[in-house]
Amino acid sequence: MLSEALLVSAPGKVILHGEHAVVHGKVALAAALNLRTFLRLQPQSNGKVSINLPNIGVKWAWDVSELQLMDTSFLDQGDFIAPSPEHVEKLKEAVGFSDDCATTQLAVLAFLYLYLAICRKQRVLPSLDITVWSELPTGAGLGSSAAYSVCLAASLLTTCEEISNPPRNGEGVGRWGEADLELINKWAFQGERVIHGNPSGVDNTVSTWGGALHYQQGKMAALQRLPILQILLTNTKVPRSTKALVAGVRNRMMKFPKIVGPLLASIEAISLECERVLGEMAAAPAPEQYLVLEELIDMNQHHLNALGVGHASLDQLCQATAAQGLHSKLTGAGGGGCGITLLRPGVEQASVDATKQALTGFGFDCWETSLGASGVSIHSAASLDTRVPQALRGL
């Protein structure tokens, strides 16, 4: 059992192309978003384990001795356990949560599940203080729960010495090897299952490995070469129901199969063309390639509107960025939510600032960030921006 404090981070994700088409068996491209979730794990000697989530105002603590007495026989089914609905119900009973858990409570259950499952091999469950703080907004389709689960899995596995404690490079950042990343990803997926029930696995895979991946019908493959793409990420803060939007596209497909079918095929063709261009750009990006990416963004946004998943807020976003010569599309389910704007090299900062001012004027949140971020990482305190340790200390 490691006795040192750990600082871990993992990125969020966006869908670059392929929203909704992926539900119908087409290719989608997902990319790691360089807005990150940060976790601090501090071993304790006070006989307690606690989880603090300042972004959502949640803090829970348990006596390790009480957890030690808890019936966790449902975990003793081998080295790797997938949570069933019955397991989750037992955890709810143990902490006194109602059957209809809020998302914040599900985050606590995911922690408790991973803590008990990963640390159960220890003679005595460890006393730990864990704080998780994120740059990612919750509920925006940006993979915040996956980044949370990845950070939890990586830190708990490292503390319990199930995986290595990787050395840091000259900048104070370390990365796990492939076998360790595989284990982190498997456990993170279980955390996602506690929160979401039946996730695709895309979000936690992107958050674990970083970069970008090609996803189709449950099969994922990493894009081997990816240039870092600078973007403006905008959250319209308009709530939406992914389930309702997916059902709407399905209904439109049933009503107009000869119209919607080709639209979905065209969205897949956009994904594949984008993948091809990104592969070429990795070696030596050229200005004309960014123009192709912009065209693909515009075409995909028009297709998504034709599928019925656009929204007036997203139209405002596209119009405001187009006024500065920039190109945008929704990312995720649509119907509000988030959009991405490509910032090609050489774009004037004054144009970016004017765009951000216009978008914040609509009441939206904006971030200048990038796609293709590194996956789950371990840090020295000195390698982090000062605001991160401050947030993790609750200052």
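Conventions adopted
Residues numbered from 1 in each chain as written. Predicted model: local features only at pLDDT ≥ 70, side-chain atom pairs only at ≥ 80, totals over all residues. Heavy atoms only, no water. Salt bridge = Lys/Arg side-chain N within 4 Å of Asp/Glu carboxyl O. Helix = DSSP H or I, 4+ residues; strand = E, 2+ residues; numbered from the N terminus. Buried < 20%, exposed > 50% of the residue type's maximum accessible area, 1.4 Å probe, protein only. Expected span 1.5 Å × (residues − 1). Core = buried A, V, L, I, M, F, W, Y, C linked by side-chain atoms within 4.5 Å. Contact = heavy atoms within 4.5 Å. 1 Å grid on protein atoms, 1.4 Å probe; cavity = no way out; pocket = protein on both sides within 12 Å on 5 of 7 lines; lining within 4 Å. Points joined across faces, edges and corners; volume = space filled by probe spheres on them. Nonpolar A, V, L, I, M, F, W, Y, C, P; charged D, E, K, R; others polar. Phe/Tyr/Trp six-rings, centres within 6.5 Å; stacked < 30°, edge-to-face > 60°.

## Focus on the pattern of salt bridges
As enumerated under the stated definition, the model contains 11 salt bridges in all. The partner of Asp 129 in a salt bridge is Arg 40, with the nearest N and O atoms 3.2 Å apart. Here Asp 129, found in strand β5 (residues 128–134), pairs with Arg 40, found in strand β2 (residues 28–43); they are 89 residues apart in sequence, far enough to count as distant. When its relative accessible area of 16% is taken as the criterion, Asp 129 is described as buried.

## Here's the deal with helix α3 (residues 103–119)
A rise of 1.5 Å per residue sets the reference length of α3, with its 17 residues, at 24 Å; its end C-alpha atoms lie 24 Å apart and thus fit the reference within 8%. With 14 of 17 residues buried, α3 lies mostly within the body of the structure.

## Some remarks on the nonpolar core
Grouped together as the largest cluster of nonpolar side chains are 82 residues, with contacts concentrated most on Tyr 115, Ile 130, Tyr 148, Ile 184 and Leu 293. Broken down by element, the residue count for this core peaks at 14 residues, all from α3. When neighbours within four sequence positions are excluded, Ile 130 is seen to be in contact with Leu 39, Arg 40, Leu 41, Ser 50, Ile 51, Asn 52, Phe 111, Leu 152 and Leu 156. Formed by 22 residues, the second largest nonpolar core is a distinct cluster that contains Val 260, Leu 264, Leu 326 and Cys 366.

## With respect to empty space enclosed by the protein
In this structure the tally under the stated criterion is 1 cavity of 30 Å³ or more. Put simply, the largest cavity is a space of about 80 Å³. In this structure, the largest cavity is lined by Leu 16, His 17, Leu 229, Ile 231, Cys 274, Leu 293, Ile 297, Ile 340, Thr 341, Leu 342 and Leu 371. Contributing elements (two or more residues each) for the lining of the largest cavity: β1 (6–17), β9 (229–235), α9 (287–306) and β11 (338–342). The biggest single contributor to the lining of the largest cavity is β11, with 3 residues. A per-class count over the lining of the largest cavity returns 9 nonpolar, 2 polar and no charged.

## Observations concerning helix α6 (residues 202–209)
Burial analysis of α6 places 7 of its 8 residues in the buried class, which makes it a mostly covered element. When α6 is considered as a whole, its buried residues turn out to be Val 202, Asp 203, Asn 204, Thr 205, Val 206, Ser 207 and Thr 208. Within two residues after α6, Gly 210 carries a phi angle of roughly 75°, on the positive side.

## Section: the layout of surface pockets
One simple way to see leftover space: roll a probe sized like a water molecule over the atoms. In this structure, the largest pocket spans a volume of roughly 1,500 Å³. For the largest pocket, the lining is made up of 49 residues, of which Lys 13, Gly 141, Gly 143, His 196 and Asp 203 are closest to its centre. Only β1, β2, α3, β5, α4 (144–159), α5 (178–196), α6 and α7 (242–255) provide two or more residues apiece to the lining of the largest pocket. Within the lining of the largest pocket, the residues separate by chemical class into 23 nonpolar, 21 polar and 5 charged. Taken as a whole, the second largest pocket spans an internal volume of roughly 180 Å³. Considering the residues around the second largest pocket, the lining is formed by Pro 83, Ser 84, Pro 85, Val 88, Glu 89, Lys 92, Leu 106, Arg 193, Val 194 and Gly 197. Elements that contribute at least two residues to the lining of the second largest pocket include exactly α2 (85–95) and α5.

## Overview of the side chain of Ser 144
Mapped onto the secondary structure, Ser 144 falls in helix α4. Other than its neighbours up to four places away in sequence, Ser 144 contacts Thr 37, Leu 136, Pro 137, Thr 138 and Gly 139.

## Looking at the packing of aromatic side chains
Inspection of every chain in the model, using the stated rule, returns 5 aromatic pairs. Centroid distance Phe 38 to Trp 133: 6.1 Å. Interplanar angle 25°. Geometry classified as stacked. A residue pair is termed long-range when its members are at least 10 positions apart, and Phe 38 in strand β2 and Trp 133 in strand β5 qualify at 95 residues. With relative accessibility at 6%, the residue Phe 38 sits in the buried group. Judged by relative accessible area, which is 16%, Trp 133 ranks as buried. Between Trp 60 and Trp 62 the ring centres are 6.2 Å apart and the planes differ by 20°, which places this aromatic pair in the stacked class. Taking relative accessible area as the criterion, Trp 60 reaches 31% and is therefore assigned partly exposed. On the basis of relative accessible area, Trp 62 is assigned to the buried category, the value being 10%.

## Digging into the environment of Ala 28
When you line up the elements, Ala 28 lands in strand β2. Between the C-alpha atom of Ala 28 and that of Val 88, which follows or precedes it by 60 residues, the distance is 31 Å. Leave out the neighbours within four places in its chain, and Ala 28 touches His 17, Gly 18, Val 22, Leu 213, His 214, Tyr 215 and Ser 271.

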